[in-house]
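# Observations on the three-dimensional arrangement
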Amino acid sequence: MRVAIVWGSNTGQTEEAAGRLKELLSLETSLDVSRASPEEILGYDVVIIGASTWDIGELQYDWEDRLPELEELDWSGRHVAFFGTGDGLTYDDTFVDAFGLIWERIKDKGAMLVGLWPTEGYRFADSASLTEDRTHFLGLPLDNDNEAHLTEERLVAWATKLKGELAALAPSAAEAAPPAG
Ligand SMILES: Cc1cc2nc3c(=O)[nH]c(=O)nc-3n(C[C@H](O)[C@H](O)[C@H](O)COP(=O)(O)O)c2cc1C
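These numbers were taken from a predicted model, which means no experiment stands behind them.

### What about the packing of helix α3 (residues 61-70) against helix α4 (residues 98-106)?
When two helices pack together, you describe them by how their axes are tilted relative to each other and by the distance separating the axes. Running from N to C, α3 and α4 point in directions that differ by 15°, and their axes come no closer than 10 Å. As judged from the angle between their axes, α3 and α4 are roughly parallel. Crossing of α3 against α4: the hand is right-handed. Two secondary-structure elements touch here, α3 through Trp63, Leu67 and Leu70 and α4 through Ala98, Ile102, Arg105 and Ile106. Residue classes in the contact of α3 with α4 are distributed as 6 nonpolar, no polar and 1 charged.

### So, the environment of arginine 20
Counting through the fold element by element, arginine 20 comes out in helix α1 (residues 13-24). Along the chain, arginine 20 and lysine 161 lie 141 residues apart, while their C-alpha atoms are 15 Å from each other.

### A few points about α1
With 12 residues, α1 should reach 16 Å at 1.5 Å per residue; the first-to-last C-alpha distance of 17 Å fits that figure. Three or more residues of α1 are buried, namely Gln13, Thr14, Ala17, Ala18 and Leu21. The buried residues of α1 occupy an angular sector of 135° when the element is viewed end-on, so they sit on one face. Of the residues one or two after α1, serine 26 is the one with positive phi, at around 55°.

### Focus on the nonpolar core
Nonpolar side chains in soluble globular proteins generally cluster together in the buried interior. With 40 residues, the main nonpolar core has Ile48 and Ile49 as its most contacted residues. Counting residues per element, this core draws most heavily on strand β3 (residues 46-51), which supplies 5 residues. Apart from residues no more than four positions distant in its own chain, isoleucine 48 is found in contact with Val3, Ala4, Ile5, Leu21, Ala81 and Phe83.

### Describing the site of the ligand
Near the ligand lie 23 residues; those nearest to it are Ser9, Thr14, Ser52, Thr85 and Gly86. The set of elements that each furnish at least two residues to the shell around the ligand consists of α1 and β4 (53-54). Among the residues making up the shell around the ligand, the classes are represented as 5 nonpolar, 14 polar and 4 charged.

### Side note on the environment of tyrosine 91
Tracing the chain through its elements places tyrosine 91 in the loop between β6 (79-85) and α4. Distance from tyrosine 91 to glutamate 39, taken between C-alpha atoms, is 34 Å for residues 52 residues apart in sequence. Among all residues touching tyrosine 91, those that are not within four sequence positions of it are Ile56 and Gly86.

### Focus on the pairing of β3
Of all 6 residues in β3, 6 are buried, a share of seventy percent or more. Of the two faces of β3, both are covered, the one formed by Val46, Ile48 and Gly50 as well as the one formed by Val47, Ile49 and Ala51. Inspection of the sheet shows strand β1 (residues 3-8) paired to β3 by 6 bridges, in the parallel sense. Residue pairing across strands places alanine 4 opposite valine 47, the latter belonging to β3. Pairing between β3 and β6: 5 bridges, direction parallel.

Quick notes on the rules
- Residues numbered from 1 in each chain as written.
- Predicted model: local features only at pLDDT ≥ 70, side-chain atom pairs only at ≥ 80, totals over all residues.
- Axes fitted to C-alpha atoms, helices over the stretch in contact; angles between N-to-C directions.
- Helix = DSSP H or I, 4+ residues; strand = E, 2+ residues; numbered from the N terminus.
- Parallel < 35°, antiparallel > 145°, perpendicular 65-115°, else oblique.
- Left-handed = near helix turned anticlockwise from the far one by under 90°.
- Contact = placed C-beta atoms within 7 Å.
- Nonpolar A, V, L, I, M, F, W, Y, C, P; charged D, E, K, R; others polar.
- Expected span 1.5 Å × (residues − 1).
- Buried ≥ 20, exposed ≤ 12 C-beta atoms within 10 Å, placed from the backbone.
- Arc of directions from axis to C-beta.
- Core = buried A, V, L, I, M, F, W, Y, C linked by C-beta atoms within 7 Å.
- Near = placed C-beta within 6 Å.
- Pairing = 2+ DSSP bridges.

The following block contains the structure:
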């Protein structure tokens, strides 16, 4: 399975998390969404999307620029996971909205979601990035503005969960593309 992190970050917080996740997941590829073409991004079986939230519930700027192209493409067979930094105290009603904003625009294009994460332990009031039953985020929120001391342990725990989920997907990927000969 080809796996890549694709991140967008205004002040470097989500970029830093992307770097750490790349190590934790032993990945070769981490792409800046402002420099990667949509076709390059869709060349991966698993796209781990890093996106922060800005301007009270708005997308990080490079994702805003790139999404119109990405949402036109066929995401069939691609798995998607989300992570990103936000601020659950100052922007408590729009905490890490970016995951939900992106997911809304690609979920009907065939993408499948992995890497859900429990809301337990987070300080926030509302988010566009919750499951219907509000028990989980659509990905991993990090809050370096208020809870930076929790970031490393959250990254490690989520990376472990995601690795397990991706390992469980691997047999079906192998079936889809049997070795030549
Ligand atoms: C003007 C402004 C608006 C913001 N709006 C939100 C928001 O709606 N939701 C949220 O979770 N964080 C919000 N943030 C916090 C940033 O997302 C947070 O600082 C994040 O770590 C930035 O990550 P980046 O450097 O990867 O872009 C906002 C920050 C600023 C300065």
